[in-house]
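Each chain, letter by letter, is given below.
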Amino acid sequence: MAQGNNSIKKVLIVAFALCIVCSVIVSTAAVALRPAQQLNQELDRKTNILNVAKLYEPGMDVEEVFSEEITARVVDLDTGEYSDEFDPDTYDSFEAARDPASGRTLSGDQDIAGLSRVENYATVYLIGGEDNPEQIVLPIRGQGLWGLMRGFLAVEGDGNTIVSITYYEHSETPGLGAEVNNPRWQAQWEGKKIYDEEGDLSPEIHLTKGGASGEYEVDALSGATLTSNGVTNMLQFWLSEEAFGPYLAKFRSGTEPEDAEETDTDFEDVEGA
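These numbers were taken from a predicted model, which means no experiment stands behind them.

Undergrad: Describe the overall build of the protein, with residues and values.
TA: From N to C terminus, the protein includes 6 helices and 10 strands. Relative to its full complement of 273 residues, the protein shows a buried share of 42%. Considering only intrachain contacts with a sequence separation of at least 6, the fraction spanning at least 24 residues in the protein is 57%. Put simply, the protein shows about 14,700 Å² of open surface, and 50% of that area lies on carbon and sulfur atoms.

Here you go:
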């Protein structure tokens, strides 16, 4: 006896065929759109760097301005010197941190930003040329309340005065921790100092409750204690001797970083996704 069009077997066959067709369409679209997604991610990164350096204007040609105003260099976090072992246009320090050959595990005392691992080399962005730059943009990241926060910190060429801060990726609570992207809160950072006059590598900059009054203080985020602590901790880490401290110390002392001598290495550039 012939089976009807509504038989279980035919329904299952049609459903299976639809699943296969949809999977092929979705996979093809994902592959086809990947280059466009990568271009958009790169454009967003450059926009954020220009924004934190106070160079971004709506409607501007981001690619053109970035190529004219920004010089990217890879820094050896241990020595504070520049390295030519990596191409700053393709090097991904976030991925490098995961590689045992190009990153290191942080001890409990070192890992105040909740990173577990950190890269040995990081990319910095110089405004105004490599010699006597007007600004230095540093990538920063660390744990907030709900997850990893990633952003940029712009510092003047003296290696000690903050220009601005911005976060381009976070999962903090809207209206509370997410106020890290509020322009009014970000405006407080301009002119704040990172280190004291003793010249050591211990950063003094921090968030404080009840109104910031000193040159090393910024108002904590209202109702977002853990996010505020996360911001303080990530800055205390990335500006310390464990990260960009040795690099910024060269600007503070008037001896700018130099290109390190080329050495043989067992690892290659890590390309960004």
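Let's pick the thread back up.
Undergrad: Can you lay out the side chain of Thr232 for me, pointing to particular residues and giving the numbers?
TA: When you line up the elements, Thr232 lands in helix α5 (residues 225-238). A relative accessible area of 13% places Thr232 in the buried class. In contact with Thr232, other than residues within four places in its own chain, are His206 and Leu207.

Undergrad: Lay out unusual backbone geometry in plain terms, naming residues and giving numbers.
TA: The residue Ser116 is not glycine, and still its phi comes out positive at about 70°. One non-glycine residue, Asn132, adopts positive backbone phi at about 50°. You can see Asn132 is positioned in the loop between β5 (121-127) and β6 (135-143). The exposure class of Asn132 is exposed, given its relative accessible area of 60%.

Undergrad: Explain the sheet that holds strand β7 (residues 148-156) residue by residue, including any values.
TA: Read across the sheet, 6 strands follow the order β2-β1-β5-β6-β7-β8 without closing on themselves; strand pairing throughout is antiparallel. Whereas interior strands pair on both sides, the edge strands pair on one side only; in this sheet they are β2 (82-83) and β8 (162-169). Here β5 pairs with β6 via 3 bridges, running antiparallel. The residue bridging Tyr125 from the neighbouring strand is Val137, located in β6. Packing of α5 onto the sheet brings it into contact with β6, β7 and β8, and relative to β6 it is tilted by some 125°.

Undergrad: Describe the pairing of β7, naming the residues involved and giving the relevant values.
TA: Most of β7 is tucked away: 7 of the 9 residues are buried. Pairing of β6 with β7, which is carried by 9 bridges, proceeds in the antiparallel orientation. In the sheet register, Ile136 faces β7, and the bridge partner there is Val155. For β7 and β8, the ladder comprises 6 bridges, and the chain directions are antiparallel. Residue Gly151 lies in a different strand from β8, and its bridge partner there is Tyr167.

Undergrad: Now, about the pairing of β8: what can you tell me, with residues and values included?
TA: The element β8 is extensively covered by neighbouring structure, given that 6 of its 8 residues are classed as buried. The hairpin turn running from β7 into β8, its antiparallel successor, is 5 residues long, and Gly159 in that turn takes a positive phi close to 70°.

Undergrad: Describe the UniProt feature "modified residue: FMN phosphoryl threonine" (unreviewed entry) in the protein, naming the residues involved and giving the relevant values.
TA: Under the feature "modified residue: FMN phosphoryl threonine" (unreviewed entry), the UniProt entry names Thr225. Along the chain, Thr225 falls in helix α5.

Undergrad: Lay out helix α6 (residues 245-253) with the relevant residues and their values.
TA: With respect to burial, α6 is a largely interior element, 7 of its 9 residues being buried. Every buried residue belonging to α6 is among Gly245, Pro246, Tyr247, Leu248, Ala249, Lys250 and Phe251, and all of these are buried. Looking at the buried positions of α6, the neighbouring elements they touch are β1 (70-76), β2, β5, β6 and α5. Once α6 finishes, Gly254 follows within two positions and takes phi at roughly 85°, a positive value.

Undergrad: Help me get a handle on the pattern of salt bridges, residues and values and all.
TA: On inspection of all chains with the given rule, the structure shows 10 salt bridges. Glu63 is the partner of Lys46 in a salt bridge, and the nearest nitrogen-oxygen pair spans 2.7 Å. Of this pair, Lys46 sits in helix α1 (residues 8-52) while Glu63 sits in helix α2 (residues 62-69), and the two are 17 residues apart along the sequence. Arg141 is paired through a salt bridge with Glu119; the nearest N and O atoms lie 2.7 Å apart. Here Arg141 is found in strand β6, whereas its partner Glu119 is found in strand β4 (residues 117-119), with 22 residues between them in sequence. Of the two residues, Arg141 and Glu119, both sit in the buried class.

Definitions and cut-offs
Residues numbered from 1 in each chain as written. Predicted model: local features only at pLDDT ≥ 70, side-chain atom pairs only at ≥ 80, totals over all residues. Heavy atoms only, no water. Helix = DSSP H or I, 4+ residues; strand = E, 2+ residues; numbered from the N terminus. Buried < 20%, exposed > 50% of the residue type's maximum accessible area, 1.4 Å probe, protein only. Contact = heavy atoms within 4.5 Å. Areas by Shrake-Rupley, 256 points an atom, 1.4 Å probe, with all protein chains shown as cover. Pairing = 2+ DSSP bridges. Axes fitted to C-alpha atoms, helices over the stretch in contact; angles between N-to-C directions. UniProt positions renumbered as here; feature names shortened; annotations may be inferred. Salt bridge = Lys/Arg side-chain N within 4 Å of Asp/Glu carboxyl O.

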